[in-house]
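Spelled out, the chains give:
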Amino acid sequence: MTAEGRLYAGRMQQPQLVLLALLAGLLIGAAVVGLVVAALRARDRALAQTSAEVPEGVEAMLGAMDDPAFVCDTSSTVLALSPAAEVFGVHTGEVISSEELKRVARVARDTGSGIAENLRLRRGAAPAEPRLVAVRATPISGRLTLVVLRDITERERVEEMRRDFVANTSHELKTPVGAVSLLSEAIEFAADDPAQVRHFASRLQAEVTRLAALVNRILSLSRLQASDELRDVRDVSIDEVVTAAVEGYAIQADAAQVTVVRGGTKGLWVRGEPQILTEAVGNLVANAIAYSPEGSKVGVGVKLDDTVVEIAVTDRGIGIPESDQHRVFERFYRADQARSRRTGGTGLGLSIVKHAVQRHGGEVRLWSRPDRGSTFTIRLPMSDAPDLESVRPKPRRKSRKSSATIPVPAKGDTA
Ligand code: ADP
């Protein structure tokens, strides 16, 4: 073709090409729209078909379940679920997002039998802590699998705590038990030397007292940890709790030449178990005495902060370094090992306080500075004072009826 001919062909092709391109664009667009519409219809049909496949009653049963549970089909698409399942990112009409869950459901389907596994699954988006979840998948028909989840994180934590507790406790018990055994042998060998016998006997007594204190506290703590419920809830007078707690340690205070001073608001009440609360306040008083220098004062003050009753036990003792402050509430943790042992400490007192207060819906706060002292504050939800008039016996019959209906807290564990 000549140069003139090529130019002519080029001029003729341009509009044609534009038309062709427009036509092709229209065709492709129409095809894509058609495909999308067809795909949407197919999905709707599939959904309608699959949800119709969920056996009757299953959806209602899932709706009534507290545990997370769902039914999925062979493509791991969720067809029905319980309300609690959504926190694990499972949604109706969507494919299961967790690969692990998908695998468990698939294995159950492929083998045709139930399977149970513990998986680490997240509740919610990525920063959420993975939870330990017991997963049970059971095929309910050729195509459908029922998957039931149970969050066992808390149960495992309690079990781990129990194992630690048993291990620590046996370790802590071994020391005084070993000492008792050695001292009794020593007494036997020194039978001919009365002075030696007296010396070993008094040490033996001290070890036995320590052992009894430890056993008492272990029992208290395990009772507190055994369940989250309070057994004998009543109106508790804070005045009576403080009196019993302070009186319970009067001998220790005298021996340590520490004066315990009471003050603050009177006539406040909370709901709970008087014995547990008295033991908790008593443990704080005991510590304040044990970790204070001779001749110093320990204060026990009560006040109302809005609707919270605060019982603050303050000392001017050795204080607790900041690095230890969050750990002193742990079982068997001692900031000052030597002193704790010397004063007969068990390392369980504050752990008991923490559990006792938490059981009553409260909290313990700590302020402390080394060499300046510490303030432990128990905070409990206030309750209204009981209507003592209605329970107080009528004047005429006063001599016959006792005031047993007015709660009097028992003395706490003074071990
Ligand atoms: P312990 O029986 O050893 O006193 P606790 O659980 O009552 O055990 O206390 C844990 C640790 O916290 C103690 O060993 C001690 O180091 C520290 N502690 C508790 N109360 C006080 C206090 N009032 N002043 C200084 N240290 C304290």
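Residues numbered from 1 in each chain as written. Predicted model: local features only at pLDDT ≥ 70, side-chain atom pairs only at ≥ 80, totals over all residues.

Digging into the overall build of the protein
Point 1. In terms of helices and strands, the protein carries twelve helices and twelve strands.
Point 2. The proportion of buried residues among the 415 residues of the protein is 27%. (Helix = DSSP H or I, 4+ residues; strand = E, 2+ residues; numbered from the N terminus. Buried ≥ 20, exposed ≤ 12 C-beta atoms within 10 Å, placed from the backbone.)

A short note on the sheet that holds strand β4 (residues 130–139)
Point 1. Here five strands make up an open sheet; going across it, the order is β2-β1-β5-β4-β3 and the pairing antiparallel. If you trace the sheet from one side to the other, it starts and ends with β2 (78–81) and β3 (115–122), each paired once. Each neighbouring strand pair of the sheet contributes to a mean axis angle of 30°, computed without reference to strand direction.
Point 2. Where β3 meets β4, eight bridges bridge the pair, whose relative direction is antiparallel. Paired with A116 across the bridge in β4 is R136.
Point 3. Relative to the sheet, helix α3 (residues 99–111) contacts β1 (69–72), β3, β4 and β5 (145–151), its axis offset from that of β4 by approximately 20°. (Pairing = 2+ DSSP bridges. Axes fitted to C-alpha atoms, helices over the stretch in contact; angles between N-to-C directions. Contact = placed C-beta atoms within 7 Å.)

So, the pairing of strand β10 (residues 308–315)
Point 1. Pairing between strand β9 (residues 297–305) and β10: eight bridges, direction antiparallel. From the neighbouring strand, K303 faces β10, where its bridge partner is E310.
Point 2. From the end of β9 to the start of β10, which pair antiparallel, there are two residues, and D306 there has a positive phi angle of about 60°.
Point 3. Two strands pair when backbone bridges link them, and β10 and strand β12 (residues 373–383) are joined in this way by eight bridges, in the antiparallel orientation. Across the sheet, the residue bridging to D315 is S374, located in β12.

Quick look at α3
Point 1. Helix length check: α3, at 13 residues, gives a terminal C-alpha distance of 18 Å against a target of 18 Å (1.5 Å per residue), a fit within 8%.
Point 2. Burial in α3 covers these residues: L101, V104, A105, A108 and R109. The arc that holds the buried residues of α3, viewed along the axis, is 130°, so those residues lie on one side. Those residues of α3 that are exposed and angled more than 90 degrees off the buried face are E99, D110 and T111.
Point 3. Packed against the buried residues of α3 are β1, β3, β4 and β5.
Point 4. Looking one or two places after α3, you find G112, whose phi comes out positive at around 75°. (Expected span 1.5 Å × (residues − 1). Arc of directions from axis to C-beta.)

Structural notes on unusual backbone geometry
Point 1. Although it is not a glycine, Q257 sits at a positive phi angle of roughly 55°.
Point 2. Positionally, Q257 belongs in the loop between α7 (250–255) and β7 (259–264).

A short note on helix α8 (residues 274–290)
Point 1. Taking 1.5 Å of rise per residue, the 17 residues of α8 would be expected to cover 24 Å, and the 24 Å separating its terminal C-alpha atoms lies within 8% of that figure.
Point 2. Counting buried positions over the 17 residues of α8 gives 16, a clear majority of the element.

Some remarks on the site of the ligand
Point 1. As a structural note, the neighbourhood of the ligand is formed by 23 residues, with Y291, R334, A335, G345 and G349 the closest of them.
Point 2. Elements with a contribution of two residues or more to the shell around the ligand: α8 and α11 (349–359).
Point 3. For the shell around the ligand, the per-class residue count stands at nine nonpolar, eleven polar and three charged. (Near = placed C-beta within 6 Å. Nonpolar A, V, L, I, M, F, W, Y, C, P; charged D, E, K, R; others polar.)

Focus: the environment of A69
Point 1. Take A69: it is sitting in strand β1.
Point 2. Judged by local crowding, A69 falls into the buried class, with 22 C-beta atoms found within 10 Å.
Point 3. Put simply, A69 and A84 are 15 residues apart on the chain and 7.4 Å apart in space, counted from C-alpha to C-alpha.

Concerning the packing of helix α4 (residues 153–189) against helix α5 (residues 194–226)
Point 1. At a minimum axis distance of 9 Å, the contact between α4 and α5 shows a crossing angle of 160°. Taken together, α4 and α5 sit at an angle that is classed as roughly antiparallel. Handedness of the crossing formed by α4 with α5: left-handed. Between α4, through T169, E172, L173, P176, V177, A179, V180, L183, S184, A186 and I187, and α5, the contact on the second element is made entirely by V197, F200, A201, R203, L204, E207, V208, R210, L211, L214 and I218.
Point 2. Each residue belonging to the contact of α4 with α5 can be placed in one class, and the counts come to 16 nonpolar, two polar and four charged. (Parallel < 35°, antiparallel > 145°, perpendicular 65-115°, else oblique. Left-handed = near helix turned anticlockwise from the far one by under 90°.)

Observations regarding the nonpolar core
Point 1. I238, V242, A280, V281 and V285 are the most contacted members of the largest nonpolar core, which totals 44 residues.
Point 2. Secondary structure elements with two or more residues in this core: α5, α6 (238–248), β8 (269–272), α8, β9, β10, α11 and β12.
Point 3. V242 has contacts with R262, V281, V300, V302 and I311, leaving out every residue within four places of it along the chain.
Point 4. Counting residues in hydrophobic clusters, the runner-up holds 26 residues, among them L62, V90, V133 and V135. (Core = buried A, V, L, I, M, F, W, Y, C linked by C-beta atoms within 7 Å.)

Examining the confidence of the model for the protein
Point 1. With 86% of its residues at a pLDDT of 70 or more, the protein shows a mean pLDDT of 85.
Point 2. Across the protein, the secondary-structure element scoring lowest on mean pLDDT is helix α12 (residues 388–391), at 60, and the one scoring highest is β10, at 98.
Point 3. The model gives residues 397–415 a pLDDT under 50, and that stretch makes 40 contacts with residues more than four places away or in other chains. (pLDDT = per-residue confidence, 0-100.)

Some points on the packing of α5 against α11
Point 1. Running from N to C, α5 and α11 cross one another at 30°; their axes reach a closest spacing of 10 Å. Relative to α11, α5 is oriented roughly parallel. For α5 against α11, the interelement crossing comes out left-handed. Of the residues in α11, those touching α5 at R217, S220, L221, L224 and Q225 are G349, S351, I352, H355, A356 and R359.
Point 2. Within the contact of α5 with α11, the residues separate by chemical class into four nonpolar, five polar and two charged.

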